[in-house]
Amino acid sequence: MNNKRKINIIYRLLFNHFGPQHWWPGNSREEIITGAILTQNTAWANVEKAVHNLKSNNLINFHSLLNTSHSKVAALIKPSGYFNQKAETLHCFARHLSIYDFDLNRFFNQNILELRNELLSIRGIGRETADSIILYSANKPIFVIDAYTRRIFSRNKITPGSKIIVAEKRKYEYDDWRLMFESSLEKENKLFNEYHALIVQTGKNFCKTRPLCNQCPLIKVCAESI
DNA sequence: AGCCAGGACTGAG
DNA sequence: CTCAGTCATGGC
């Protein structure tokens, strides 16, 4: 069976198992962007504390954020780790958004690739963060790849291209993974939204770095049933 | 006591 | 172009 069919089947299995995930957690586009930056290599529970601190100071607002000192922002987001870098990234994003008078409608009103390139030009925003913002804040269909995605699918022999597997970490490029999913699914933001959320849910439950994913009951069932 | 979490960037070689 | 090193807190 080819990867395309496996990817579609696994989606149904995961959705049937976990149900709808209602992502992204957060109730405004600004909060989603903030969370996407703060969650870089960080447990979500820590991000929630940092977001709460920002909320208490009315700083889920990029205009206000730009008028707040680095040291104050860094102190508020301390629970999410890497607070100096992330405070800088938040400022860089805010500075970029000022070009659009802090109007996300205007910023998001361009095609996906242009938006993506703009996001990638902002220091501290890499591919995963850019794509999370595009999918979950701008509501445009782009498939988000993260460590869980690579881990779960590569351990189940579903990988892009035909490169030799050397190490788990950097076998394939980010965009190879992204295009594998995008070319296998209907290009629909609701589907991409749910699928990535389900992958994270699966990863959190069953596919941590250890124990190995081979011991993941769900994925094992998936693999066997395909 | 480590090890890891919904990454990104830099400088060496 | 690879890739180890760096950034950093809190939970298990």
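Residues numbered from 1 in each chain as written. Chains lettered and ligands numbered in written order. Predicted model: local features only at pLDDT ≥ 70, side-chain atom pairs only at ≥ 80, totals over all residues.

K.L.:
Sorry, what's going on with the overall build of chain A here?
P.N.:
Along chain A, the regular secondary structure elements total 13 helices and zero strands. The linear arrangement of helices and strands in chain A, starting from the amino end, is α-α-α-α-α-α-α-α-α-α-α-α-α. Sequence separation of at least 24 residues holds for 62% of the intrachain contacts in chain A that already meet a minimum separation of 6. (Helix = DSSP H or I, 4+ residues; strand = E, 2+ residues; numbered from the N terminus. Contact = placed C-beta atoms within 7 Å.)

K.L.:
It is not clear to me how the packing of helix α2 (residues 29-38) against helix α9 (residues 127-137) should be interpreted in this structure. Could you clarify?
P.N.:
For the pair α2 and α9, interaxial distance at closest approach is 9 Å and the crossing angle is 155°. If you check the angle between α2 and α9, you find them roughly antiparallel. α9 is crossed by α2, and the crossing has right-handed handedness. Facing Arg-29, Ile-32, Ile-33, Ala-36 and Ile-37 of α2, the residues of α9 in contact are Thr-129, Ser-132, Ile-133, Tyr-136 and Ser-137. Residues of the contact of α2 with α9, tallied by class, amount to six nonpolar, three polar and one charged. (Axes fitted to C-alpha atoms, helices over the stretch in contact; angles between N-to-C directions. Parallel < 35°, antiparallel > 145°, perpendicular 65-115°, else oblique. Left-handed = near helix turned anticlockwise from the far one by under 90°. Nonpolar A, V, L, I, M, F, W, Y, C, P; charged D, E, K, R; others polar.)

K.L.:
Help me understand the packing of helix α1 (residues 3-18) against helix α12 (residues 189-206), please; the structure alone is not making it clear to me.
P.N.:
Helix packing for two helices is described by the angle between their axes and how far apart those axes are. It is the contact of α1 with α12, at a shortest axis distance of 10 Å, that shows an interaxial angle of 65°. It follows from the interaxial angle that α1 and α12 lie roughly perpendicular. The way α1 lies across α12 gives a crossing that is left-handed. Facing Tyr-11, Leu-14, Phe-15 and Phe-18 of α1, the residues of α12 in contact are Glu-194, Tyr-195, Leu-198, Gln-201 and Thr-202. In terms of residue class, the contact of α1 with α12 is made up of six nonpolar, two polar and one charged.

K.L.:
I keep staring at the protein's contact with DNA strand C and nothing clicks. Help me out?
P.N.:
In the vicinity of DNA strand C, 13 residues are found, and the nearest of them are Pro-79, Gly-81, Tyr-82, Asn-84 and Gln-85. Looking at the surface near DNA strand C, the elements that each hand over two or more residues are α3 (44-56) and α6 (83-97). By residue number, the principal contributor to the surface near DNA strand C is α6, which donates three residues. Looking at side-chain class alone, the surface near DNA strand C contains five nonpolar, six polar and two charged residues. (Near = placed C-beta within 6 Å.)

K.L.:
How should I be thinking about the protein's contact with DNA strand B in this particular structure?
P.N.:
Residues in close proximity to DNA strand B total 27 residues, the closest being Gln-40, Asn-41, Gly-126, Thr-129 and Ala-147. Residue assignment for the surface near DNA strand B shows that the elements contributing at least two residues are α9, α10 (147-155) and α12. No other element matches the four residues that α9 contributes to the surface near DNA strand B.

K.L.:
Would you mind going over the domain arrangement of chain A with me for this structure?
P.N.:
How big an interface is tends to be reported as the loss of accessible area on association of its parts. When cut into domains, chain A gives domain 1 (3-22 + 143-225) and domain 2 (29-137). Of the residues lining the interface, seven residues belong to domain 1; the matching set on domain 2 comes to six residues. Broken down by element, the residue count for the side of domain 1 that touches domain 2 peaks at three residues, all from α12. Taken together, the residues that form the side of domain 1 that touches domain 2 break down as four nonpolar, two polar and one charged. (Domains from an automatic or database assignment.)

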